[in-house]
Amino acid sequence: FPLYILQLAQPTPNGVAFRGGALYVAEIDRILRYDDIESPLVDAIVPVVVNDTLPKARHHGWKFIRFGPDDMLYVPVGAPCNVCDRSEDDPRFASILRMKPDGREMEVFVSGVRNSVGFDWHPETDELWFTSNGRDMLGDEIPPDTLNHAPGDGLHFGFPYCHAGDIPDPEFGDLRSCDEFMPPTQNLGPHVASLGMRFYTGDMFPERYRNQIFIAEHGSWNRTPQAGHKGYRVTVVYLEGNRSVNYEVFVDGWLQPDNQSWGRPVDVLVMPDGALLVSDDQAGAIYRISYAG
């Protein structure tokens with residue numbers, strides 16, 4: 001169960017995935033593969049280019065990548081803007097793609113996703129769940145970020161026409177109805193910047209957490225001072241079947257009462273012993289959360 005902390009001499013690396021002894025690394029416009037990554041290192045490992053045809057837009061260009069239960073590599077492509085419709089220019093914008101491990105047969109799996117940088121598959125159904133960041137500049141309280149469920153491919157989740165299932169966009173909302181799109185399973189807080197998420201599959205935590213979803217909320221940056229910041233915490237969404245029944249804070253404290261933060265959660269990971277890792281890109285740390293009963 002390797003844990004890789006990426007420090008590679010390549011421009012703008014971000015998401016990583018591990019498969020068959022190789023480390024896959026996402027850059028903004030390409031996917032690289034470092035073979036035999038667990039072998040003793042020599043002077044340098046020369047990467048193999050898996051796919052270099054992704055859009056080059058840097059706005060929402062950072063990528064979280066993972067292999068799904070179908071052995072396909074899933075790669076999100078965020079909208080290159082706060083809100084816009086670029087689907088005619090390139091239908092891969094505002095979507096989650098998937099491709100074969102060698103980069104062939106790239107396709108749009110789901111669309112209408114403004115910016116997802118965290119997803120996982122339900123441990124019992126193998127269906128995709130993902131977080132998405134809501135648009136900015138509609139005020140302090142709307143729209144919320146969302147947790148979404150994609151039981152199959154070809155679904156559209158509303159962006160840029162509709163936000164959070166029932167909020168028409170002021171510019172694009174007249175073009176299509178919110179009823180046409182897949183609604184979120186859970187609306188999260190407004191501007192919480194929901195990022196990494198994982199189903200809890202360990203045995204360490206109490207049973208109520210089994211197969212529930214932990215979410216890293218990076219924290220808001222543009223709410224007005226009087227509204228205060230949101231996020232800066234790890235939350236948990238409880239499910240019954242495919243329905244959310246509760247959404248609550250699991251751990252917080254990174255945001256202080258004076259609205260100053262000392263850390264910002266980015267991703268979560270369940271370790272083999274059942275502990276939960278939380279990465280923090282402000283403090284430059286990885287925390288381990290355990291339970292002793």
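Here, the structure is the one placed above.
Just so it is clear, the structure is predicted and the values come from calculations on it, not from any experiment. (Residues numbered from 1 in each chain as written. Predicted model: local features only at pLDDT ≥ 70, side-chain atom pairs only at ≥ 80, totals over all residues. Heavy atoms only, no water.)

A. Up close: the side chain of Asn 211. Position of Asn 211 relative to the elements: it lies in the loop between β15 (194-199) and β16 (213-217). Polar side-chain contacts of Asn 211 include one of 3.1 Å to the side chain of Glu 124. Apart from residues no more than four positions distant in its own chain, Asn 211 is found in contact with Pro 123, Glu 124, Phe 199, Tyr 200 and Thr 201. (Helix = DSSP H or I, 4+ residues; strand = E, 2+ residues; numbered from the N terminus. Polar contact = N/O pair within 3.5 Å; in protein donor to acceptor, adjacent residues only side chain to side chain. Contact = heavy atoms within 4.5 Å.)

B. Focus on the sheet that holds strand β5 (residues 66-67). Judged by pairing direction, the sheet is antiparallel, and its 4 strands sit side by side in the order β5-β6-β7-β8 without closing on themselves. The open sheet has two edge strands, β5 and β8 (107-111), and neither has a second partner. Sheet topology note: the strand β7 (residues 95-99)/β8 ladder contains 4 bridges and is antiparallel. Bridging across to β8, Arg 98 finds its partner in Glu 107. (Pairing = 2+ DSSP bridges.)

C. Expanded view of the nonpolar core. Formed by 17 residues in total, the largest nonpolar core has its most connected members in Tyr 200, Phe 205, Tyr 209, Phe 214, Val 268, Leu 276 and Val 278. When contributions to this core are tallied by element, the ones reaching two or more residues are β16, β17 (233-240), β19 (265-270) and β20 (276-280). Looking at which element gives the most residues to this core, the answer is β17, with 3 residues. Leave out the neighbours within four places in its chain, and Val 268 touches Gly 196, Met 197, Arg 198, Phe 214, Ala 216, Val 234, Leu 276, Leu 277 and Val 278. (Core = buried A, V, L, I, M, F, W, Y, C linked by side-chain atoms within 4.5 Å. Buried < 20%, exposed > 50% of the residue type's maximum accessible area, 1.4 Å probe, protein only.)

D. Structural context of the state of the cysteines. Inspection of every chain in the model, using the stated rule, returns 2 disulfides. Disulfide pairing places Cys 81 opposite Cys 84 at an S-S distance of 1.9 Å. Taking the sign of the torsion about the S-S bond as the criterion, the disulfide between Cys 81 and Cys 84, at about -85°, is left-handed. Relative accessible area serves as the criterion here: at 12%, Cys 81 is assigned to the buried category. On the basis of relative accessible area, Cys 84 is assigned to the buried category, the value being 16%. The disulfide that involves Cys 162 links it to Cys 178, with 2.1 Å between the sulfurs. Torsion about the S-S bond of the Cys 162 and Cys 178 cystine: about 105°, corresponding to right-handed handedness. With Cys 162 in strand β12 (residues 162-163) and Cys 178 in the loop between β13 (167-168) and β14 (186-190), this residue pair connects regions lying 16 residues apart in the sequence. (Disulfide = S-S within 2.5 Å.)

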